[in-house]
Amino acid sequence: MKPDPRIVLFRLIALLELLGGVWGLYRLVALVQRNPWSAALVVVASLFTLIFLLFITAGVLLWRGRPLGLWLSLAVQALQLPHIISGPFGFFFASPASVAVGLSGDFAPQISALWHPGMGFAIDSEVELTWIGVNLLALAAILILVRLRRRPAAAPSRG
């Protein structure tokens, strides 16, 4: 009997979410240990800890086939969809990885790959670069989750 492709794809997404959450927590701990403690560091580290725990929770629940796992996984993937870098605002989140396509400030198409957890958030930064993109891995995961969220109805048997 062949394995159900829906379950295989959901488990692959769940595994990526689990790996991304665990790896992200590991990298976050390393980051916190290297920097002096401050109120801002505690707030930012707490926020990212909650996000990485959300990744792990979504992965576990999706692996187990729970409906809440599907919705949390959609939220986790949506969080990773935009990649925006500009002077007034910047945001990207990738866990465990991203392959983003987008446009630079002069509308030249570009591709960016990140093969480890990454995160960035900035308001009113002095970044010279402008780039707006979409994470194709997150987009693919969203399409798979939405497309396969329900099992197709079994054909009625003819007797």
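These figures come from a predicted structure and were not determined experimentally.

What counts and how
- Residues numbered from 1 in each chain as written.
- Predicted model: local features only at pLDDT ≥ 70, side-chain atom pairs only at ≥ 80, totals over all residues.
- Heavy atoms only, no water.
- Helix = DSSP H or I, 4+ residues; strand = E, 2+ residues; numbered from the N terminus.
- Contact = heavy atoms within 4.5 Å.
- Phe/Tyr/Trp six-rings, centres within 6.5 Å; stacked < 30°, edge-to-face > 60°.
- Buried < 20%, exposed > 50% of the residue type's maximum accessible area, 1.4 Å probe, protein only.
- Pairing = 2+ DSSP bridges.
- Axes fitted to C-alpha atoms, helices over the stretch in contact; angles between N-to-C directions.
- Expected span 1.5 Å × (residues − 1).

Peer 1: Explanation requested: the side chain of Gln80 in the structure shown.
Peer 2: Locating Gln80 in the fold gives a position in helix H3 (residues 67–80). Once residues within four sequence positions are removed from consideration, Gln80 is found in contact with Phe55, Phe93, Ala94, Ser95, Ala97, Asn135 and Ala138.

Peer 1: Sorry, what's going on with the packing of aromatic side chains here?
Peer 2: In this description, an aromatic ring pair is defined by two values, namely the gap between the centres and the angle between the planes. Within the structure shown, the criterion is met by 4 aromatic pairs. With centroids separated by 5.5 Å and ring planes inclined at 40°, the aromatic side chains of Phe52 and Phe93 adopt a geometry described as tilted. Of this pair, Phe52 sits in helix H2 (residues 39–63) while Phe93 is found in strand E2 (residues 89–94), placing the two residues 41 residues apart along the sequence. Classification of Phe93 by relative accessible area gives buried; the value is 2%. An angle of 45° between the planes, with centres 5.5 Å apart, marks the rings of Phe55 and Phe93 as tilted.

Peer 1: Help me understand the sheet that holds strand E1 (residues 82–85) in this model?
Peer 2: Hydrogen bonds along the backbone pair up the strands of a sheet, which may run parallel or antiparallel. An order of E4-E3-E6-E1-E2-E5 is seen for the 6 strands of this open sheet, with the pairing classed as antiparallel. Strand pairing shows two members of the sheet lacking a second neighbour, strand E4 (109–114) and strand E5 (118–123), which therefore form its edges. The average undirected angle you get between the axes of adjacent strands in this sheet is 25°. Where strand E3 (residues 98–104) lies against strand E6 (residues 131–135), 5 bridges are found, and the strand directions are antiparallel. Bridge pairing in E6 places Ala100 opposite Asn135. In the packing of helix H4 (residues 136–147) onto the sheet, the strands contacted are E3 and E6, and the crossing angle to E6 comes to about 40°.

Peer 1: Looking at this structure, how should I read H2?
Peer 2: Over its 25 residues, H2 runs 36 Å from end to end, which matches the ideal 36 Å to within 8%, given 1.5 Å per residue. Those residues of H2 that sit buried are Leu41, Ala45, Phe48, Ile51, Phe52, Phe55, Ile56, Ala58, Gly59, Leu61 and Leu62. The inward-facing, buried residues of H2 contact helix H1 (5–34), H3, E2, E5 and H4. A positive phi of about 80° marks Gly65, the residue just after H2.

Peer 1: Please clarify how the environment of Pro96 should be interpreted in this entry.
Peer 2: Inspection of the secondary structure assignment puts Pro96 in the loop between E2 and E3. Since its relative accessible area comes to 15%, Pro96 is described here as buried. When neighbours within four sequence positions are excluded, Pro96 is seen to be in contact with Leu16, Gly20, Trp115, His116 and Pro117.

Peer 1: What am I meant to see in the pairing of E1 here?
Peer 2: Sheet faces and side chains relate simply in a regular strand, where the side chains alternate between the two faces. Examined bridge by bridge, E1 and E6 share 4 bridges and lie antiparallel to one another. Bridging from a neighbouring strand, Pro82 pairs with Val134 of E6. Sheet analysis places E1 next to E2, joined by 2 bridges and oriented antiparallel. Bridge pairing in E2 links Ile85 to Gly90. Connecting the antiparallel pair E1 and E2 is a turn made up of 3 residues.

So far we have only geometry, and geometry alone does not tell us how the molecule works.
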